[in-house]
2 protein chains.
Amino acid sequence: MIGKSVPRVDAYEKVTGRAKFTDDMVPPGCLVAKVYHAAIGNGIVKSIDTSEAEALEGVVKVVTFKDVPDHCYPTPGHPWSVEPAHQDVADRNILTGRIRYYGDDIAAVVAEDERTAVRALKLIKVEYEEYPVEIHPRKSMYGSHPPIHFDKKDNVLNRTNFFIGNVDEGLEQSDTVVKRSYKTSMVQHCHLENPVSFAYMEKDRIVVVTSTQIPHIVRRVIGQALGIPWGRVRVIKPYIGGGFGNKQDVLYEPLNAFLTMQVGGRPVKLELTREETFCNTRTRHAIEYDLTAGVDKEGRLLAKDMEAYSNQGAYASHGHAIAANGLTAWRLQYACPNIRGEAYTIYTNTPVGGAMRAYGIPEAAFAIECFMDDIAAEIHMDPLEFRRKNLIRGYYEDAYLKPIAANSNGIFQCLEKGAEYIRWEEKRKEYAAQTGNIRRGVGVALFCYKTGVWPISLEIAGARMSLNQDGSVQLQLGATEIGQGADTVFTQMAAETLHLEMKDIHIVTVQDTDVTPFDTGAYASRQSFITGTAVKQCAEQLRDKILAYAKTLLPKEETRELSLDHGWILAGDEEAISLGALAQECYYSLTNSSVITAEVSTQVKKNTIATGCCFAEVEVDLKLGQIKILHIINVHDSGRLLNPQLAEMQVHGGMSMGMGYGLSEQLILDEKTGRPLNGNLLDYKLMTALDTPDMEAEFVELNDPVGPYGNKALGEPPAIPGAPAIRNAVLHATGVAFNEIPLTPQRLIKAFTEAGLIGKEGEQHV
Amino acid sequence: MIGKSVPRVDAYEKVTGRAKFTDDMVPPGCLVAKVYHAAIGNGIVKSIDTSEAEALEGVVKVVTFKDVPDHCYPTPGHPWSVEPAHQDVADRNILTGRIRYYGDDIAAVVAEDERTAVRALKLIKVEYEEYPVEIHPRKSMYGSHPPIHFDKKDNVLNRTNFFIGNVDEGLEQSDTVVKRSYKTSMVQHCHLENPVSFAYMEKDRIVVVTSTQIPHIVRRVIGQALGIPWGRVRVIKPYIGGGFGNKQDVLYEPLNAFLTMQVGGRPVKLELTREETFCNTRTRHAIEYDLTAGVDKEGRLLAKDMEAYSNQGAYASHGHAIAANGLTAWRLQYACPNIRGEAYTIYTNTPVGGAMRAYGIPEAAFAIECFMDDIAAEIHMDPLEFRRKNLIRGYYEDAYLKPIAANSNGIFQCLEKGAEYIRWEEKRKEYAAQTGNIRRGVGVALFCYKTGVWPISLEIAGARMSLNQDGSVQLQLGATEIGQGADTVFTQMAAETLHLEMKDIHIVTVQDTDVTPFDTGAYASRQSFITGTAVKQCAEQLRDKILAYAKTLLPKEETRELSLDHGWILAGDEEAISLGALAQECYYSLTNSSVITAEVSTQVKKNTIATGCCFAEVEVDLKLGQIKILHIINVHDSGRLLNPQLAEMQVHGGMSMGMGYGLSEQLILDEKTGRPLNGNLLDYKLMTALDTPDMEAEFVELNDPVGPYGNKALGEPPAIPGAPAIRNAVLHATGVAFNEIPLTPQRLIKAFTEAGLIGKEGEQHV
């Protein structure tokens with residue numbers, strides 16, 4: 001089953017509309033909640049008057065920051081730690097009177113219907129005391145009065161650094177030293193389904209049905225936020241319409257849980273609008289990088305230094321971990337004896353940075369891969385040759401990364417495939433000396449991506465299986481299907497290890513923390529690797545129990561080795577008993593019945609590295625400032641492909657995201673208030689089908705010895721290399737090295753003008 | 001926790017209306033199905049025209065008996081057997097063109113709403129060919145043309161018998177031989193919630209949410225009825241509004257499942273009206289008994305013989321097992337060297353007999369306990385003395401019943417308590433020679449009741465537990481809460497064995513066959529005994545795993561014995577680590593994390609016998625034919641009480657049912673068609689609060705060595721002894737021995753007139 005392009009197990013449900021998402025499960029008569037957001041970017045609420053809102057017919061309850069329990073809590077979807085030093089930063093309450101960004105949550109209304117709730121919001125009167133707003137991290141890090149959080153006088157949430165060798169000595173020994181700065185923009189996930197949940201009470205417990213990637217973590221954080229035992233919270237996760245990391249954060253579930261408690265446990269629904277999703281959930285961090293490197297005469301890296309300044313926005317969320325993850329990328333891919341990395345994560349008065357597909361690596365990779373091209377240009381070397389010269393050979397390992405075995409490294413094969421597709425050698429020469437308004441170029445960018453979070457954090461996954469009476473198998477996991485195809489590949493894994501057909505494995509797609517095995521959820525491209533390990537172990541346990549039970553049914557003198565094969569128990573090569581018949585015996589035998597089930601909860605102490613690259617060929621219209629992508633290919637080294645068709649779809653989706661990141665997407669904030677100026681799907685320029693060229697996805701399939709089925713990360717990596725590959729192609733086409741994305745027409749026109757490629761009025765010079 | 005009257009865990013949910021029953025979970029836009037029932041009592045459908053119904057706007061689908069798959073299936077809630085000889089009788093299809101009783105299911109309509117569905121039913125045109133209707137088993141057993149089922153020329157579904165010793169010889173040796181006949185009526189369960197379900201499809205699987213006692217069995221039977229693998233069926237059981245055995249049968253779930261398949265998996269709801277519930281679900285069998293017994297001079301039973309004729313109605317359901325169970329009661333309680341029992345279960349053209357609280361024993365006990373009084377009267381012995389003389393002493397065991405240890409037998413203490421309460425000796429004398437219109441009497445009746453179905457059938461139960469992060473425990477069972485308090489006592493059991501508080505055990509009340517451990521469900525008063533065994537084993541397994549994990553957290557030199565105590569792990573007598581802290585370690589330890597869960601699937605090869613008695617004092621108004629119950633008490637030997645308050649409530653409910661059985665309840669059928677004449681809650685005389693006297697419940701608490709917590713059956717037994725105790729009290733009061741229930745005014749007036757106690761015009765003679 002592994003390696004086959006079987007159809008998605010949820011395909012039929014989703015295309016027919018039968019699949020149940022959170023909103024499909026809202027009970028009749030459910031109350032509706034709406035959040036009152038701050039209309040200033042920094043300050044405090046001096047007074048709040050909710051009396052008119054409360055008096056409105058149909059309003060059931062109005063709560064403000066004065067009503068919520070006083071328990072600060074963290075929101076990121078990380079495993080909890082029993083050691084305080086490893087716990088996430090708890091810097092937010094369910095509602096607040098201390099406004100830290102435009103849109104901060106002050107109060108909430110619960111009403112009989114949405115219209116009434118919206119009307120009630122307008123009747124709430126708030127007086128503010130305003131403080132100056134700062135949206136730039138490099139300014140905010142010098143402090144504000146008052147500080148954004150705690151007594152952090154520098155507004156620095158976290159500083160992470162590492163040293164390998166001696167960078168200063170390395171730079172001194174270098175023949176060429178290059179320094180550059182790069183900057184990424186704040187972007188939003190733009191999943192189809194906005195965050196939505198509904199909550200109600202059962203006995204003295206709170207149930208929250210929510211569109212999340214991390215139900216077990218949401219359970220814990222609600223417990224923390226409300227200050228109640230975590231066992232009194234139940235979280236249910238139906239099908240979800242995408243997350244991309246935004247739903248790897250605990251967003252409005254604690255407020256929703258609090259609200260149902262305020263109305264006697266009646267069900268309350270809380271759904272964000274698209275505008276709220278842009279402003280009040282999470283974004284990809286805007287990060288500024290200062291990079292320095294030294295190379296010898298042959299172009300070998302002798303020293304490299306990264307300083308990163310990450311704009312955290314108003315609350316901690318995943319911030320510290322995102323910037324730190326970027327440093328890992330800096331350390332791993334290009335061999336160098338002397339490396340330094342330092343990352344600052346800085347509170348500002350902007351929407352909050354959180355997890356987004358590839359978790360800090362697209363930001364870092366943009367800087368690194370631009371830098372690699374810029375160094376190569378400085379020393380007049382082909383950028384692909386420069387990379388090949390400096391890439392780590394063999395397997396990935398350093399002081400921070402401990403694979404249990406030599407992981408596979410297919411980056412050289414990836415580069416070969418990509419270069420061949422894009423006709424690198426030929427095009428690099430062909431486009432070397434262009435003139436005219438239309439110019440073409442080819443570019444490349446690489447990445448490496450750690451699979452899972454071990455050893456930085458905990459990796460644990462659970463799986464449960466039970467044998468049905470017909471010989472089919474129930475498979476239950478705490479890991480979540482979030483659109484990526486997880487349910488399909490887990491089904492394939494179980495079928496593979498149990499030698500069954502896809503139709504014989506019934507996966508339970510809904511997670512319910514009351515009954516679902518514990519698993520931390522969908523992030524870090526961990527599930528096929530970490531949860532896959534649990535599925536494999538669980539299937540092996542089930543298989544062993546089946547074979548042990550089969551022994552009791554077979555003649556005592558049967559000594560041949562038993563095995564499973566397509567619904568049969570084989571003794572040697574012969575069909576001894578069908579799995580269905582065995583199942584019926586284990587359910588209904590009057591002498592020896594015991595239903596066969598298996599359950600594992602496995603800590604996974606291993607990791608591996610996925611790599612890959614993107615090659616792009618672009619055509620730049622200098623006067624229009626427009627980039628047309630002629631060809632683009634991602635080549636991935638993700639170990640053995642579990643399902644080639646699903647893998648290809650993952651890559652296509654990621655490439656689209658990477659192109660948007662490079663070309664058009666950015667959440668623009670008002671300098672004075674931090675208010676998003678384009679926080680809606682009309683003004684925020686997401687890639688559409690019309691903007692998207694044909695995409696190529698290729699793979700280098702090396703069997704990774706660490707992965708449970710030879711596999712490693714593929715969920716997030718496709719989003720990484722597109723933006724720098726396009727930027728490097730534009731550099732090749734025009735000679736202009738952009739250091740900031742997105743590459744909008746405005747930015748291009750300005751740079752081409754400064755470079756003298758076009759006149760100030762858009763006239764071409766040369 | 002065991003033995004404490006803790007409040008029901010579902011009390012708050014149920015009194016506030018927050019508890020979710022099936023109808024509360026019906027999704028918006030759900031289609032509605034209605035069944036087209038036959039308007040004749042026996043015959044075939046010659047033609048059916050559904051074209052007008054199909055043309056009605058809002059009708060989505062009309063199906064008839066011609067459309068359903070040709071798979072006969074059984075309906076009773078019994079474990080499946082892999083041996084065909086032990087399988088239930090499969091004699092029905094989802095819809096039928098062969099009408100076997102008035103109301104048989106011919107067709108079904110699926111419409112956008114209920115009103116349209118009802119209108120569509122009226123547009124269906126059917127032509128019948130009619131056969132003669134026979135509603136009396138002793139006539140039907142001589143056959144019909146055509147037979148009601150198969151080629152059964154005598155319409156006898158089943159004949160069960162047994163012999164101990166030689167009854168003929170025993171009767172010859174007797175000094176007195178007594179022969180009597182008794183007759184019970186057809187009654188209905190009258191649970192609050194009518195049968196209701198809704199079904200939809202997920203992928204290629206069918207989901208049925210239904211008000212049932214037996215979700216795992218419903219799953220299997222739907223698979224059989226549709227001819228699809230059982231693993232492709234998922235059954236969900238929410239809170240239910242009572243069952244009393246009617247929902248220990250697979251009623252309309254297969255039709256509901258079939259209907260959703262006919263409309264592309266759209267959700268379809270199928271809810272019966274009260275009238276349909278009376279006519280088209282199940283009833284308690286009307287049974288006729290011919291009893292013979294011989295006693296010696298001392299009043300000792302030397303021989304006893306029972307012949308039973310059970311009216312099965314149109315389909316097999318539980319029939320064969322009900323009559324057979326009555327024979328067990330005949331064998332067990334009163335010691336006798338020579339016993340014969342023979343039971344005929346006979347198809348007729350009436351509503352179908354199925355399981356109802358105490359499963360054939362109230363019927364048999366009515367006959368047996370009336371007979372004991374009638375024998376005692378014949379030999380002029382006090383009926384209590386006669387019983388004491390003949391009761392089995394010590395524990396219950398015979399060739400058919402194999403307890404694994406000596407079960408407890410508290411019947412003598414029960415009689416003592418009951419006699420004392422009712423002041424037996426005094427009242428028997430006081431009421432010996434009454435005159436006048438108002439007369440009083442006291443009566444007694446006994447019973448014994450086997451707990452669970454082993455060794456006649458399979459007993460298997462499953463339980464799963466997992467430790468939450470806060471040290472609380474999830475408890476998940478396939479056994480069902482049906483109003484009896486199962487969830488509460490299971491919670492108590494888990495708390496008892498784990499030394500936790502009630503609030504620390506979170507029981508999952510909804511069964512979902514996809515994730516719920518396998519258990520056959522609520523019947524045979526089995527759950528606290530059989531499932532209780534699984535809960536205990538599972539809790540012990542969880543405890544052992546907790547203590548084993550605790551060992552890894554404690555200093556190596558710690559050698560004291562570890563135990564659990566109120567959320568702490570004790571080393572010796574000292575608190576070593578809290579369960580909450582241990583739980584957090586097992587979830588989140590970076591060195592050794594594995595969430596602690598436990599699961600068992602246990603076959604239980606044991607049984608025991610619960611006993612008890614009812615004493616009643618009545619006042620009879622001869623002229624009005626009215627019985628007033630002055631005092632009534634049930635005394636139960638049910639082993640150790642798990643929850644005395646719940647036990648008392650169970651007894652009160654059962655006593656009410658017993659009084660209704662004795663005094664007023666009967667489903668009256670039209671002789672010509674078999675149509676119920678009073679199948680609604682206005683005409684069917686259920687006991688109301690006004691009819692119900694104060695009831696006393698007492699217990700003899702012997703620790704039963706077989707039960708997991710010293711407990712044995714209490715769910716069903718309370719319904720058994722009321723009717724015969726009242727009848728015997730009336731006999732004491734009036735000297736008239738009624739041989740048929742209910743004791744309606746009409747029946748009393750007739751008998752008192754015949755006995756010369758009142759004149760033909762209702763005038764009193766004496």
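Keep in mind the model is a prediction, meaning the values are calculated, not measured.

Rules of the game
Residues numbered from 1 in each chain as written. Chains lettered and ligands numbered in written order. Predicted model: local features only at pLDDT ≥ 70, side-chain atom pairs only at ≥ 80, totals over all residues. Helix = DSSP H or I, 4+ residues; strand = E, 2+ residues; numbered from the N terminus. Buried ≥ 20, exposed ≤ 12 C-beta atoms within 10 Å, placed from the backbone. Contact = placed C-beta atoms within 7 Å. Expected span 1.5 Å × (residues − 1). Bend = angle between axes of the 7 residues up to and from the residue. Least-squares fit on C-alpha atoms with pLDDT ≥ 70 in both. Axes fitted to C-alpha atoms, helices over the stretch in contact; angles between N-to-C directions. Parallel < 35°, antiparallel > 145°, perpendicular 65-115°, else oblique. Nonpolar A, V, L, I, M, F, W, Y, C, P; charged D, E, K, R; others polar. Pairing = 2+ DSSP bridges. Arc of directions from axis to C-beta. Domains from an automatic or database assignment. Core = buried A, V, L, I, M, F, W, Y, C linked by C-beta atoms within 7 Å.

Caption draft 1: Spatial organisation of the overall build of chain A. On a plain count of helices and strands, chain A comes out with 19 helices and 27 strands. Each principal axis of the C-alpha distribution contributes one length, and for chain A these read about 90 × 70 × 50 Å. Classification of the 766 residues of chain A by burial places 61% in the buried group. Long-range contacts, defined here as pairs at least 24 residues apart, represent 80% of the contacts in chain A between residues at least 6 apart.

Caption draft 2: Structural view of helix α15 (residues 527–553) of chain B. Compared with an ideal rise of 1.5 Å per residue, which puts 27 residues at 39 Å, α15(B) spans 37 Å between its outermost C-alpha atoms and is within 8% of the ideal. Largest kink in α15(B): about 25 degrees, centred on T533(B).

Caption draft 3: Spotlight on the relation of the copies chain B and chain A. Note on the identical chains: chain B maps onto chain A by a rotation of 180 degrees and an axial translation of 0.0 Å, with an RMSD of 0.0 Å. Each copy turns onto its partner about a two-fold axis. Interface residue correspondence from chain B to chain A reaches 100%, placing this contact among same-surface, isologous pairings.

Caption draft 4: Quick peek at the packing of helix α15 (residues 527–553) of chain A against helix α16 (residues 579–588) of chain A. All names here are of chain A. For the pair α15 and α16, the least separation of the axes is 11 Å and the interaxial angle reads 80 degrees. Of the possible angle classes, the one that applies to α15 and α16 is roughly perpendicular. Between α15, through I546, Y549, A550 and L553, and α16, the contact on the second element is made entirely by L582, E585 and C586. Residues belonging to the contact of α15 with α16 are distributed by class as follows: 6 nonpolar, no polar and 1 charged.

Caption draft 5: Molecular detail of the sheet that holds strand β5 (residues 105–111) of chain B. Residue and element names in this part refer to chain B. Spatially, 8 strands are ordered β3-β5-β1-β12-β9-β10-β11-β20 in an open sheet, and the strand pairing comes out mixed. Strand pairing shows two members of the sheet lacking a second neighbour, β3 (59–64) and β20 (511–512), which therefore form its edges. Where strand β10 (residues 205–210) and strand β11 (residues 233–237) come together, 4 bridges link them in parallel fashion. Its bridge partner being in β11, V209 is matched across the sheet by I236. This element, helix α3 (residues 114–123), spans β1 (31–37), β3 and β5 of the sheet and lies at about 25 degrees to β1. Against the sheet, helix α7 (residues 253–262) engages β1, β3, β5, β9 (196–202), β10 and β12 (268–271), with an angle of about 40 degrees to β9.

Caption draft 6: Structural context of the interface of chain B and chain A. Each side of the interface is counted separately: chain B has 44 residues, and chain A has 44 residues. Within the residue set of the side of chain B that touches chain A, elements represented by two or more residues are α1 (11–16), β17 (460–467), β18 (473–477), β19 (505–508), α16 (579–588) and β24 (597–603) of chain B. A per-class count over the side of chain B that touches chain A returns 17 nonpolar, 17 polar and 10 charged.

Caption draft 7: Up close: the sheet that holds strand β16 (residues 438–450) of chain B. Residue and element names in this part refer to chain B. Judged by pairing direction, the sheet is mixed, and its 4 strands sit side by side in the order β16-β25-β26-β27 without closing on themselves. Looking at which strands have only one partner, the edges of the open sheet turn out to be β16 and β27 (696–699). Taking the axes of each pair of neighbouring strands and ignoring which way they run, one obtains an average angle of 15 degrees across the sheet. Bridge count for strand β25 (residues 609–621) against strand β26 (residues 626–637) is 11 bridges, and the pairing is antiparallel. The residue of β26 that forms the bridge with T611 is D637. Running at roughly 20 degrees to β25, helix α12 (residues 411–422) makes contact with β16, β25, β26 and β27 of the sheet.

Caption draft 8: Region of the structure containing the environment of A729(A). All names here are of chain A. Relative to the elements of secondary structure, A729 occurs in helix α18 (residues 722–734). A residue is classified by how many C-beta atoms lie within 10 Å of it, and A729, with 33 of them, is buried. The spacing of A729 and G485 is 244 residues in sequence and 32 Å in space, taken between C-alpha atoms. Sequence-distant contacts of A729, that is, excluding residues within four places in its chain, are made with G441, V442, G443, A616, E617 and V618.

Caption draft 9: Layout of the pairing of strand β25 (residues 608–621) of chain A. Residue and element names in this part refer to chain A. Most of β25 sits out of view: 12 of its 14 residues are buried. Judged from the 14 bridges that link them, strand β16 (residues 438–451) and β25 form a sheet pairing that is antiparallel. In the strand pairing of β25, F447 is matched with G612. Note that β25 and strand β26 (residues 626–637) share 11 bridges and pair antiparallel. Residue pairing for β26: V620 is matched across the bridge by I627. Linking β25 back to β26 in an antiparallel pair, the connection comprises 4 residues, with G625 at a positive phi of about 65 degrees.

Caption draft 10: Broad picture of unusual backbone geometry. Cis peptide bonds are those with omega within 30 degrees of zero, and the linkage from I741(A) to P742(A) qualifies with 0 degrees. By secondary structure assignment, the location of P742(A) is in the loop between α18 and α19 (745–754). In this model, H380(A) sits at a positive phi of 55 degrees, which is unusual for a non-glycine residue. Topologically, H380(A) is positioned in the loop between α10 (361–378) and α11 (383–390). Even without being glycine, H566(B) reaches a positive phi, approximately 45 degrees. Among the structural elements, H566(B) can be located in the loop between β21 (562–565) and β22 (568–571).

Caption draft 11: Structural context of helix α11 (residues 383–390) of chain B. All names here are of chain B. Listed as buried for α11 are P383, L384, F386, R387 and N390. Projection of α11 onto a plane perpendicular to its axis shows the buried side chains occupying an angular sector of 160 degrees, all on one side. At its buried positions, α11 is contacted by β14 (301–313), α10 (361–378), α12, α13 (424–430), β16 and α18 (722–734).

Caption draft 12: Highlighting the domain arrangement of chain A. Residues and elements named next belong to chain A. Taken domain by domain, chain A comprises domain 1 (11–131 + 195–271), domain 2 (286–454 + 606–754) and domain 3 (460–603). For domain 2 and domain 3, the distance between their C-alpha centres works out to 40 Å. The interface of domain 2 with domain 3 comprises 20 residues on the first partner and 16 residues on the second. Every element with two or more residues in the side of domain 2 that touches domain 3 is listed here: β16 and α17 (644–663). Class assignment of the residues belonging to the side of domain 2 that touches domain 3 gives a composition of 11 nonpolar, 7 polar and 2 charged.

Caption draft 13: Local environment of the nonpolar core. By size, the foremost hydrophobic cluster in this structure holds 479 residues, and its most contacted members are A108(A), V109(A), F615(A), I726(A), A108(B), V109(B) and I726(B). In this structure I726(B) touches G443(B), A616(B), V618(B), I627(B), I629(B), M659(B), G662(B), L663(B) and L743(B), once residues within four positions along its chain are discounted.

Caption draft 14: Just the environment of V700(A), in detail. Considering the arrangement of structural elements, one finds V700(A) in the loop between β27 (696–699) and α18. Separated by 680 residues in the primary sequence, V700(A) and K20(A) have C-alpha atoms spaced 36 Å apart.

Caption draft 15: Spotlight on the environment of I633(B). Residues and elements named next belong to chain B. Positionally, I633 belongs in strand β26. We classify I633 as buried; it has 24 C-beta atoms within 10 Å. The spacing of I633 and V651 is 18 residues in sequence and 9.5 Å in space, taken between C-alpha atoms. Once residues lying within four places of it in the same chain are set aside, the contact partners of I633 are G418, Y421, I422, C614, F615, E696 and E698.

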